[in-house]
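# Descriptive analysis of the structure
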Amino acid sequence: QAKDKGKHCYQFFDIDSAEAAKSRRDSLEAIANAIDNKEFVLYYQPKVNIKTGVVVGAEALIRWQHPTRGLLLPSVFLPTIEEHEMSITLGEWVIESVLEQMSIWQAQELTIPVSVNIGASQLQGNKFIAHIADALATYPAIAPELLDLEILETSALEDISRISDLMNACIQMGLKFSLDDFGTGYSSLTYLKRLPAALLKIDQTFVRDMLVDSSDLAIVKAVIGLAEIFDRGVIAEGVETKAHGDKLLSLNCHIVQGYGIARPMPADELPAWVVQWHLNPTWTA
Ligand code: C2E
Ligand code: MG
Ligand code: MG
Ligand code: MG
């Protein structure tokens, strides 16, 4: 009887995994169609120096403008394609779109540095350098120095010396790197030591609770201290209130990004937002 039961269970498991496989195939197909139909869009979230009041850049964040489900966040679709070649296709689209957008803004008299999120598989793909060089050549009016590539410290950066070589090749072209979600990875200090990243981006989970949780505050202070010692810049993400900003200022971290300044917005809203912020910088909370 136990054997029967085992068999029974096995059958259920089989059906489930067949369903899971089908659902994954459906999702992949939907994303492939969405790429063809140009349903992906980039939103931009400002980065501000709250000591000087200057807008220092914007981060491009992908969304899927789904025909029936509305605006979908990356957590809904990026994990599906993480190990798939489609993440390369989409990553290339992001870089090309950012450069196109920067030239549109430049024509509107807004020259602003833009940060682009780069997945580990994208950076390690063998076409990455050639593609970004091509893309930059297509937009000769955009200085490569205006591009900052945020790499996820948490992502599986398999071969650290290869990653570091790839980063150096990009730096030769004028690009810069940030270590995104810094502090959440399992080998932050090794990455810090070995990767030529100009900026550390303090993960929002530490920033969000630093006013109420002393160990989060300790981590925020430690990352700011590491940035100083290693001569890197530092930026805080997930800054939701002025109280967060004041605390960060007191800790000597001046560059912040978060809902307290502005939520990610459609590209065509950014120029007016920048003008407005420079006239009258006001926290939303
Ligand atoms: P990330 O790069 O760490 O981006 C920060 C995320 O925090 C964004 O979520 C942003 O909308 C959100 N955020 C910003 N300020 C606040 C705040 O004050 N409070 C809170 N609670 N959240 C805030 P989003 O847009 O959903 O993106 C999630 C992640 O998806 C990004 O994390 C990044 O890792 C990835 N991602 C986004 N766009 C791209 C892309 O074009 N390519 C790749 N490879 N990954 C992307
Ligand atoms: Mg990022
Ligand atoms: Mg981050
Ligand atoms: Mg993140």
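The name given to the chain in an unreviewed UniProt entry is EAL domain-containing protein, with the source organism recorded as Shewanella aestuarii.

The N-to-C vectors of helix α3 (residues 86-107) and helix α5 (residues 128-138) enclose an angle of 20°; their axes lie 10 Å apart at closest approach. By the angle between their directions, the pair α3 and α5 is classed as roughly parallel. Our pair here, α3 against α5, has a crossing hand that is right-handed. Taken together, the residues of α5 that come into contact with α3 (itself represented by Glu-92, Ile-95, Glu-96 and Leu-99) are Phe-128, His-131, Ile-132, Ala-135 and Leu-136. Considered class by class, the residues forming the contact of α3 with α5 number six nonpolar, one polar and two charged.

Now for the packing of aromatic side chains. Within this structure, the stated rule accounts for five aromatic pairs. Look at Trp-64 and Phe-77: their rings are 5.9 Å apart centre to centre, the planes differ by 85°, and that puts the pair in the edge-to-face class. Highlighted residues: Trp-64 in strand β2 (residues 55-66) and Phe-77 in helix α2 (residues 74-81), separated in sequence by 13 residues. Each member of the pair, Trp-64 as well as Phe-77, carries the same accessibility label: buried. Note on Trp-273 and Trp-277: the rings are 5.4 Å apart at their centroids and 15° apart in plane angle, and the pair reads as stacked. Taken as a pair, Trp-273 and Trp-277 lie in helix α11 (residues 270-279) at a separation of four residues, close to a single helical turn. A relative accessible area of 5% means that Trp-277 is categorised as buried. Here the aromatic cluster, defined as three or more aromatic residues joined through ring pairs, consists of Phe-40, Trp-64 and Phe-77.

Here we come to the coordination of the magnesium ion (ligand 3). Coordination of the magnesium ion (ligand 3) by the protein is provided by Asp-180 (OD), Asp-181 (OD), Glu-237 (OE) and Glu-237 (OE), with metal-donor distances spanning 2.0 to 2.4 Å. Donor residues for the magnesium ion (ligand 3) sit on one chain with the sequence pattern D-D-x55-E.

What follows deals with the site of ligand 1. Near ligand 1 lie 23 residues; those nearest to it are Arg-63, Asp-180, Gln-204, Glu-240 and Tyr-259. Between an oxygen atom of ligand 1 and a side-chain N or O atom of Arg-63, the distance comes to 2.8 Å. Contact between ligand 1 and Asn-117: an oxygen atom at 2.8 Å from a side-chain N or O atom of the residue. For ligand 1, whose free accessible area comes to 790 Å², the fraction covered by protein is 83%. Of all the secondary-structure elements, those providing two or more residues to the shell around ligand 1 are β2, α2, β6 (176-182) and α8 (204-209). If you tally residues by element for the shell around ligand 1, the top one is β2, at four residues.

On to the pairing of strand β4 (residues 114-118). A large share of β4 lies buried, amounting to four of its five residues. Relative to β4, β2 runs parallel, the two being bridged by three bridges. By the bridge assignment for β4, Ala-60 is matched with Val-116. For β4 and strand β5 (residues 147-152), the ladder comprises five bridges, and the chain directions are parallel. Directly across from Ser-115, in β5, lies its bridge partner Asp-148.

The next point concerns the pattern of salt bridges. The full count for this structure, using the stated rule, is eight salt bridges. When the shortest N-O distance is used, the salt bridge between Lys-47 and Glu-150 registers 2.9 Å. Here the residue Lys-47 occupies a position in strand β1 (residues 40-49), and Glu-150 occupies one in strand β5, the gap between them amounting to 103 residues. We note that Lys-47, like Glu-150, is buried.

What follows deals with α11. Among all positions in α11, only Leu-270, Pro-271, Trp-273, Val-274 and Trp-277 are buried. Down the axis of α11, the buried set is contained in an arc of 160°. They therefore lie on one face. Counted as exposed and oriented over 90 degrees from the buried face of α11: Ala-272, Val-275 and Leu-279. Tucked inside the fold, the buried residues of α11 contact β1, β2, α3 and β10 (265-266).

Let us now look at the side chain of Lys-201. Locating Lys-201 in the fold gives a position in strand β7 (residues 199-202). Given a relative accessible area of 0%, Lys-201 falls into the buried group. Side-chain polar atoms of Lys-201 contact the side chain of Glu-59, separated by 2.8 Å. Residues within four places of Lys-201 in sequence aside, it is in contact with Lys-47, Glu-59, Glu-150, Leu-179, Asp-180, Asp-181, Phe-182, Ile-235, Glu-237 and Gln-257.

Conventions used here
- Residues numbered from 1 in each chain as written.
- Chains lettered and ligands numbered in written order.
- Predicted model: local features only at pLDDT ≥ 70, side-chain atom pairs only at ≥ 80, totals over all residues.
- Heavy atoms only, no water.
- Axes fitted to C-alpha atoms, helices over the stretch in contact; angles between N-to-C directions.
- Helix = DSSP H or I, 4+ residues; strand = E, 2+ residues; numbered from the N terminus.
- Parallel < 35°, antiparallel > 145°, perpendicular 65-115°, else oblique.
- Left-handed = near helix turned anticlockwise from the far one by under 90°.
- Contact = heavy atoms within 4.5 Å.
- Nonpolar A, V, L, I, M, F, W, Y, C, P; charged D, E, K, R; others polar.
- Phe/Tyr/Trp six-rings, centres within 6.5 Å; stacked < 30°, edge-to-face > 60°.
- Buried < 20%, exposed > 50% of the residue type's maximum accessible area, 1.4 Å probe, protein only.
- Donors = N, O, S within 2.8 Å, 3.2 Å for Na, K, Ca; no water.
- Near = heavy atom within 4 Å.
- Polar contact = N/O pair within 3.5 Å; in protein donor to acceptor, adjacent residues only side chain to side chain.
- Areas by Shrake-Rupley, 256 points an atom, 1.4 Å probe, with all protein chains shown as cover.
- Pairing = 2+ DSSP bridges.
- Salt bridge = Lys/Arg side-chain N within 4 Å of Asp/Glu carboxyl O.
- Arc of directions from axis to C-beta.

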